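Residue-level listing of the chains:
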2 protein chains.
Amino acid sequence: MEYKLLKRLMHGPIDFIADTEHWIIFLDRDQKNLGTCVVALKREAKLLSELTLNEWDDFKDIVRALESALKKAFDVTMFNWGCLLNTAYIKIPANPQVHWHLIPRYREPVKFKEIIFIDPCFGKSTLSVAGKKLDLNPEIREEIIKKIRDNLTLS
Amino acid sequence: MEYKLLKRLMHGPIDFIADTEHWIIFLDRDQKNLGTCVVALKREAKLLSELTLNEWDDFKDIVRALESALKKAFDVTMFNWGCLLNTAYIKIPANPQVHWHLIPRYREPVKFKEIIFIDPCFGKSTLSVAGKKLDLNPEIREEIIKKIRDNLTLS
């Protein structure tokens, strides 16, 4: 079930980072903003109104742990969080599954494993440059995941 | 204090809809997506990690009540939620204040008070058409607020 939900969200390999009782965290395929993650609910749910207090409570802990981990790992300036679900509605019938996008934002360039990452539009939404994606090779993605995990403390 | 926080978020009049213990809900000035709202934390907080469990719990109730109210009021298809805080970082020093954008999305045109509202990009983020805004006159904004309030049940 979990795997089926993830396959619906991801196009390509699933870069698992960690999970909690209710949520699974994985690395977004697009890494133009270093450390961009997706946090998906493990059970099926179509909209945020359906979340239980326990699921929100668990999500609250992820927000804190993940912002802290990314800050330590990559010196992130600030964070964008969004639950949009737009693409699930392109098809009819729509097939949404609750998930969050966490996009780290950087005022200054950041270097990781000899790659310099430059936030394409700091101070604006990355959706203004949605067509521009950075797809890294599996070895680098694995290094990013390792760096996040090394700094991540989930209760 | 609350008023000062709101003045920092809003450019123009503050179209108050409702408030709860921890959050204040107001109508976004841009109404190209009918019923677009902002939900702002009443106390000062710079990032989502700072929210307490009580504030998340309160927010959970707002998500449910507001999605339900907008669905009943305007037959919304689905909802985008985002906590971005980007514009607060254009200036140095940055001056962020935690708030959420709730953008109702419509597969079909919707008519309200003889105005036909057409979602400019259903299935995509409205940030892809960020330059396009719909600023309505105060009388219509008041009618939208009234319609939301008539359908809103906050615990």
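Above this note sits the structure.
These numbers come from a predicted model, not from an experiment.

Colleague: Quick question: what am I supposed to make of the overall build of chain A here?
Modeller: Looking only at helices and strands, chain A has 3 helices and 7 strands in total. Counting helices and strands in the order they occur from the N terminus, chain A gives α-β-β-β-α-β-β-β-β-α. Within chain A, the proportion of its 155 residues that are buried is 34%. Of all intrachain contacts in chain A linking residues separated by at least 6 positions in sequence, the fraction that spans at least 24 positions is 64%.

Colleague: Would you take a moment to explain the interface of chain A and chain B for this structure?
Modeller: Accessible area lost upon the coming together of the parts serves often as the stated size of an interface. Each partner contributes to the interface: chain A provides 34 residues, whereas chain B provides 34 residues. Of all the secondary structure elements, the ones that give two or more residues to the side of chain A that touches chain B are helix H2 (53-74) and strand S4 (78-83) of chain A. Broken down by element, the side of chain A that touches chain B gets its largest block of residues, 8 residues, from H2(A). Taken together, the residues of the side of chain A that touches chain B sort by class into 18 nonpolar, 10 polar and 6 charged. Pairing analysis gives 3 bridges linking S4(A) to strand S4 (residues 78-83) of chain B, with the strands arranged antiparallel. The residue of S4(B) that forms the bridge with Trp81(A) is Cys83(B).

Colleague: Got a minute to help me understand the pairing of strand S5 (residues 99-105) of chain B in this structure?
Modeller: The side chains of a regular strand alternate between the sheet's two faces. Residues and elements named next belong to chain B. The buried fraction of S5 amounts to 6 of the 7 residues, a majority that puts the element mostly inside the structure. Pairing of strand S3 (residues 37-41) with S5, which is carried by 4 bridges, proceeds in the antiparallel orientation. Note that in S5 the partner of Cys37 across the bridge is Leu102. As judged from the 5 bridges shared by S4 and S5, these two strands associate in the antiparallel manner. Across the sheet, the residue bridging to Trp81 is Leu102, located in S5.

Colleague: Just to check I follow, could you spell out the relation of the copies chain A and chain B for this structure?
Modeller: Both copies of the chain are placed relative to one another by a rotation about an axis and a shift along it. You can overlay chain A on chain B at an RMSD of 0.0 Å; the transform is a turn of 180° with a shift of 0.0 Å along its axis. Those values place the two copies in the arrangement expected of a two-fold rotation axis. The position closest to the rotation axis in chain A is occupied by the C-alpha of Gly82(A), lying 2.1 Å away. Same-surface contact between copies: 100% of interface residues of chain A are shared with the interface of chain B.

Colleague: What is the right way to look at the sheet that holds strand S2 (residues 23-27) of chain B in this model?
Modeller: Two modes of strand pairing occur in sheets, parallel and antiparallel, and in both the strands are linked by backbone hydrogen bonds. In space, the 10 strands of this open sheet follow the order S1(A)-S2(A)-S3(A)-S5(A)-S4(A)-S4(B)-S5(B)-S3(B)-S2(B)-S1(B), with antiparallel pairing throughout. Bordering the open sheet on either side are strand S1 (15-19) of chain A together with strand S1 (15-19) of chain B, each of which pairs with just one other strand. Across this sheet, the average inter-strand angle for adjacent strands is 25°, counted without regard to direction. Inspection of the sheet shows S1(A) paired to strand S2 (residues 23-27) of chain A by 4 bridges, in the antiparallel sense. Bridging from a neighbouring strand, Asp15(A) pairs with Leu27(A) of S2(A).

Colleague: Can you walk me through H2(A) in this structure?
Modeller: All names here are of chain A. In a regular helix each residue adds 1.5 Å, so 22 residues correspond to 32 Å; H2 covers 31 Å between its end C-alpha atoms and thus fits that length. Within H2 the residues assigned to the buried category are Glu55, Phe59, Lys60, Ile62, Val63, Leu66, Glu67, Ala69, Leu70, Ala73 and Phe74. Of the residues flanking the end of H2, it is Asp75, one or two places downstream, whose phi is positive at about 55°.

Colleague: Which parts of the structure should I look at to understand the environment of Leu136(A)?
Modeller: Residues and elements named next belong to chain A. Relative to the helices and strands, Leu136 is located in the loop between strand S7 (115-117) and helix H3 (138-151). Using a count of 19 C-beta atoms within 10 Å as the deciding quantity, one classes Leu136 as partly exposed. Sequence separation of Leu136 and Lys32 is 104 residues, and the distance between their C-alpha atoms is 9.0 Å. With residues near it in sequence (within four places) discarded, Leu136 still touches Gln31 and Arg141.

Cut-off values and rules
- Counting starts from 1 at the beginning of each chain's written sequence and moves along it residue by residue.
- Think of it this way: whatever chain is written first is A, whatever ligand is written first is 1, and the rest follow in order.
- Under the rules for a predicted model, residues below a pLDDT of 70 receive no local features and side-chain atom pairs below 80 are neither given nor counted, while totals for whole chains, interfaces and linings still include all residues.
- Going along the chain from the N terminus, every DSSP run of H or I of four or more residues is numbered as a helix, and every run of E of two or more is numbered as a strand.
- Partly exposed residues are those whose C-beta has more than 12 but fewer than 20 other C-beta atoms within 10 Å; 20 or more makes a residue buried and 12 or fewer makes it exposed, with C-beta atoms placed from the backbone.
- Residues are treated as contacting if the C-beta atoms built from their backbones sit within 7 Å of each other.
- Each residue gets one label: Ala, Val, Leu, Ile, Met, Phe, Trp, Tyr, Cys and Pro are nonpolar, Asp, Glu, Lys and Arg are charged, and the others, such as Gly, are polar.
- At least two bridges found by DSSP between two strands are what make those strands a pair.
- Only residues with pLDDT of at least 70 in both copies contribute their C-alpha atoms to the least-squares superposition of the copies.
- For helices, the fitted line uses only the C-alpha atoms of the stretch in contact; every axis is such a line through C-alpha atoms, and the angle between N-to-C directions lies from 0 to 180 degrees.
- In a helix, the anticipated span is given by 1.5 Å times the number of residues less one.

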